[in-house]
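Per-entry structural report
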Amino acid sequence: MKDSIRKPFVAGNWKMNGSNELVESFVSNLALNPDVDIVICPPAVYLSKLSSASFEVGAQNASEFASGAHTGELSLGMIAESGCKYVILGHSERRENHAESNELVARKVKATIEMGLIPILCIGEPLNVRESGGVFDFVKAQLDAVAKECGAQYIKNSVIAYEPIWAIGTGKTASPEQAQEVHAFIRKELTALDASAAASVRLLYGGSVNAGNAKDLFAKIDIDGGLIGGASLKIEDFTTICLAAS
Ligand code: PGA
């Protein structure tokens, strides 16, 4: 039996995709599901437009700073003002392509919680780490950096997404068993810090989730929903995935 204290959670990460047309179609047509928390994370310029919708909205990144000379960055205050409740942090594309370290991601988690927003903290290993058997150590280091900065406190204020990098955008999904194994490890690590927060924190799986494989992944005991990239751009597929979580 899955633990009913954890309401299923599905977030769509549009990455650098979308248009006014896609925004309007989601605002008008995305069916809500009272059994699932549904969040759309579009490029920042669309946040205000989507914030009128009946689903929740999240940003894809935020600066660790409150204001100042940081051209191209968005502060958490601005993100809050645009109607967001959530912020994706530490996505592997930010870690890899924008050199975001575990420590920087941890500082962003802290600042996000202080702003009253909810981090969707992404963690997960590259292929070479999986192949060399280092998955648990890798993921633990990512979590430890956040605990060092924020204390155990962050667990009850966050959603955590396990996204193996080799599965992101590749069509190569982790098997439900592979994902569950890491989710169970994450929950065990969090339990050592705060057992009750660990029992209620939502752990999402991300990496090539689609309308066909979502149900089997979400059936696993420690998988409480998904962070969906490519398939969140198609309203029918995204709706099917949200249904699979309920
Ligand atoms: P994907 O992306 O579903 O396209 O693999 C997931 C993510 O990067 O969050």
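See the structure printed just above.
These lines cover the structure that appears in this document, whether it is placed above or below. Since we're looking at a predicted model, the values are computed, not measured. (Residues numbered from 1 in each chain as written. Predicted model: local features only at pLDDT ≥ 70, side-chain atom pairs only at ≥ 80, totals over all residues. Heavy atoms only, no water.)

1. Quick notes on the overall build of the protein chain
- Within the protein chain one finds eleven helices and eight strands.
- Each principal axis of the C-alpha distribution contributes one length, and for the protein chain these read about 45 × 45 × 35 Å.
- Within the protein chain, the proportion of its 246 residues that are buried is 52%.
- As presented, the protein chain carries roughly 10,800 Å² of accessible surface, and 52% of it is formed by carbon and sulfur atoms. (Helix = DSSP H or I, 4+ residues; strand = E, 2+ residues; numbered from the N terminus. Buried < 20%, exposed > 50% of the residue type's maximum accessible area, 1.4 Å probe, protein only. Areas by Shrake-Rupley, 256 points an atom, 1.4 Å probe, with all protein chains shown as cover.)

2. Focus on the site of the ligand
- Lining the immediate surroundings of the ligand are 13 residues, of which Lys15, His91, Glu163, Gly169 and Ser208 lie closest.
- Taking glutamate 163, its side chain carries an N or O atom lying 2.7 Å from an oxygen atom of the ligand.
- Glycine 230 places a main-chain nitrogen or oxygen 2.9 Å from an oxygen atom of the ligand.
- In the complex, the protein chains occlude 95% of the 280 Å² of accessible area that the ligand would expose alone.
- Counted by class, the shell around the ligand contains four nonpolar, seven polar and two charged residues. (Near = heavy atom within 4 Å. Polar contact = N/O pair within 3.5 Å; in protein donor to acceptor, adjacent residues only side chain to side chain. Nonpolar A, V, L, I, M, F, W, Y, C, P; charged D, E, K, R; others polar.)

3. Considering helix α11 (residues 235-245)
- For α11, the complete set of buried residues consists of Ile235, Phe238, Ile241, Cys242, Ala244 and Ala245.
- Where α11 is buried, its residues contact β1 (9-13), α1 (20-29), β2 (37-41), α10 (214-218) and β8 (225-228). (Contact = heavy atoms within 4.5 Å.)

4. Observations regarding the packing of helix α5 (residues 102-114) against helix α7 (residues 135-150)
- Across the interface, α5 lies against α7 with an axial gap of 8 Å and an inter-helix angle of 45 degrees. In terms of orientation, α5 lies oblique with respect to α7. Of the two elements, α5 crosses α7, and the hand of that crossing is right-handed. Contact residues: Asn102, Glu103, Ala106, Arg107, Val109 and Lys110 in α5; Ala141, Gln142, Ala145, Val146, Glu149 and Cys150 in α7.
- Residue classes in the contact of α5 with α7 are distributed as six nonpolar, two polar and four charged. (Axes fitted to C-alpha atoms, helices over the stretch in contact; angles between N-to-C directions. Parallel < 35°, antiparallel > 145°, perpendicular 65-115°, else oblique. Left-handed = near helix turned anticlockwise from the far one by under 90°.)

5. Observations concerning the pattern of salt bridges
- Following the criterion strictly, the structure yields 16 salt bridges and no others.
- Of the charged contacts in the structure, one is a salt bridge between arginine 202 and aspartate 37, with a shortest N-O distance of 3.0 Å. Here arginine 202, found in the loop between α9 (195-200) and β7 (203-206), pairs with aspartate 37, found in strand β2; they are 165 residues apart in sequence, far enough to count as distant. This pair shows no difference in class: arginine 202 is buried, exactly as aspartate 37 is.
- For the salt bridge of arginine 187 with aspartate 224, the shortest nitrogen-to-oxygen distance reads 2.8 Å. Of this pair, arginine 187 sits in helix α8 (residues 176-193) while aspartate 224 is found in the loop between α10 and β8, placing the two residues 37 residues apart along the sequence.
- Note on arginine 187: relative accessible area 8%, which makes it buried.
- Taken together, the shared-partner salt bridges in this structure form one network comprising Arg6, Arg187, Asp222 and Asp224. (Salt bridge = Lys/Arg side-chain N within 4 Å of Asp/Glu carboxyl O.)

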